[in-house]
Amino acid sequence: MSEVKIAAETRTEFGKGAARRIRREDKVPGVLYGHGSDPLHLTFPGHDLLLALRTPNVLIALDIDGKTNELAIPKAVQRDPLKGFLEHVDLQLVQRGETVTVEIPVLTEGELAAGGNLLEHVLGTLTVEAEATHIPESVTVSVEGLAAGASILAKDITLPKGAKLAVDEDAVVIQVLAAQAEEAPAEGEGDEAAGA
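Residues numbered from 1 in each chain as written. Predicted model: local features only at pLDDT ≥ 70, side-chain atom pairs only at ≥ 80, totals over all residues. Heavy atoms only, no water.

## Quick notes on the overall build of the chain
For the record, the criterion: Think of it this way: any DSSP run of H or I at least four residues long counts as a helix, any run of E at least two long counts as a strand, and we number them from the N terminus. C-alpha atoms define the radius of gyration, and 2.2 Å times the number of residues to the power 0.38 defines the globule rule. Only the protein chains shown count as cover for residues, and all accessible areas are computed by the Shrake-Rupley method using a 1.4 Å probe. In this tally Asp and Glu are treated as negative and Lys and Arg as positive; neither His nor the chain ends contributes. By convention, charge coordinates are those of NZ in Lys, CZ in Arg, CG in Asp, or CD in Glu.
Counting its regular elements, the chain contains three helices and 13 strands. Computed over C-alpha atoms, the radius of gyration of the chain comes to 23 Å, more than 25% over the 16 Å expected from 2.2 N^0.38 for 196 residues, which places it beyond the range of a compact globule. Overall size of the chain, expressed as C-alpha extent along the three principal axes, is 80 × 50 × 25 Å. Taken as a whole, the chain presents about 11,800 Å² of accessible surface, with 48% of it coming from carbon and sulfur. Within the chain, one finds 17 positive and 32 negative side-chain charges whose respective centroids are separated by 15 Å.

## Here we look at the sheet that holds strand 7 (residues 99-109)
This is how it is decided: For two strands to be treated as a pair, DSSP must find at least two bridges joining them.
If you walk across this open sheet you meet the four strands as 10-7-9-12, and the pairing is mixed. In this open sheet, the two edge strands, each paired with only one partner strand, are strand 10 (139-142) and strand 12 (164-165). Summarising the sheet, strand 9 (residues 125-131) and strand 12 pair through two bridges and their orientation is antiparallel. Considered in strand 12, the bridge of E129 is made with K164.

## Observations regarding the side chain of N117
Applicable threshold: The contact criterion used throughout is that any non-hydrogen atoms of two residues lie within 4.5 Å.
Within the secondary structure, N117 is located in the loop between strand 7 and strand 8 (118-121). Once residues within four sequence positions are removed from consideration, N117 is found in contact with L112, L146, A147, A148, V176, L177, A178 and A179.

## What to know about the sheet that holds strand 1 (residues 3-10)
To be explicit about the condition: With axes taken as lines fitted to C-alpha atoms, and helix axes fitted only over the stretch in contact, angles between N-to-C directions fall between 0 and 180 degrees.
With respect to topology, six strands assemble into a closed barrel ordered 1-3-2-6-5-4, the strand pairing being mixed. Here the strands of the sheet are splayed against their neighbours by 45° on average, with no regard to which way each runs. Docked against the sheet, helix 1 (residues 16-24) engages strand 2 (27-34), strand 3 (37-45) and strand 6 (86-94), running at close to 120° with respect to strand 2.

## What about the pairing of strand 2?
Selection criterion: For the exposure calls, accessible area comes from a 1.4 Å probe over protein chains only, and a residue counts as buried if that area is under 20% of its type's maximum, exposed if over 50%, partly exposed in between.
Counting buried residues in strand 2 gives six out of eight residues, a clear majority hidden from the surface. The sheet contact formed by strand 2 and strand 3 spans seven bridges and is antiparallel. Directly across from G30, in strand 3, lies its bridge partner L42. Judged from the four bridges that link them, strand 2 and strand 6 form a sheet pairing that is parallel. Opposite G30, over in strand 6, you have V89 as the bridge partner.

## Things to note about the environment of T12
Position of T12 among the secondary structure elements: in the loop between strand 1 and helix 1. With 28 residues separating them in the primary sequence, T12 and L40 have C-alpha atoms 9.9 Å apart.

## Structural notes on unusual backbone geometry
A positive phi angle is found at D26, which is not glycine, with a value near 60°. Mapped onto the elements of the fold, D26 is located in the loop between helix 1 and strand 2. We note that D65 has phi near 55°; this positive angle belongs to a residue other than glycine. Mapped onto the secondary structure, D65 falls in the loop between strand 4 (59-64) and strand 5 (68-79). Residue classification places D65 among the partly exposed residues on the basis of a relative accessible area of 35%.

By themselves, these figures tell us nothing about what the structure is for.
See the structure below:
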């Protein structure tokens, strides 16, 4: 996983009015916390942060006011529900060598067995523990040839090197459901409706 460098500035204004002013300048208000330190209120460049957050669990190298360099991962991202722009971000401080608990997306590959079966993602993400600078971006699971009734448990998924499960190993992640055919109306039901 590569680091994304972002310059951040400390902020002293708080509240809705201050947040609106920050967003008008194409910046995003946020908070950096962790390791027992007081939360640090920051302002991030909007476009740079938006690009960085396209990668799940991205490792962000923060240059704070040109003086302090910190490593962080996103913990909570708030977006405008209609327009999608970033409203606020919470980042967690991390250190090289430190183990963190994160959720990684579960991707699938392959074709299910014939018969119109449906694939259900019971868990869209998998909670894992990994070293902060080596967080996997995702995990890919093969569903090739699976038939209705088959399921893949958390313990069945091969995790990238250095990552380990932080969820119940018997948790169902993916299951295959049989396609359900629509029932034809019973004889006479359609005639009654037409005659009424």
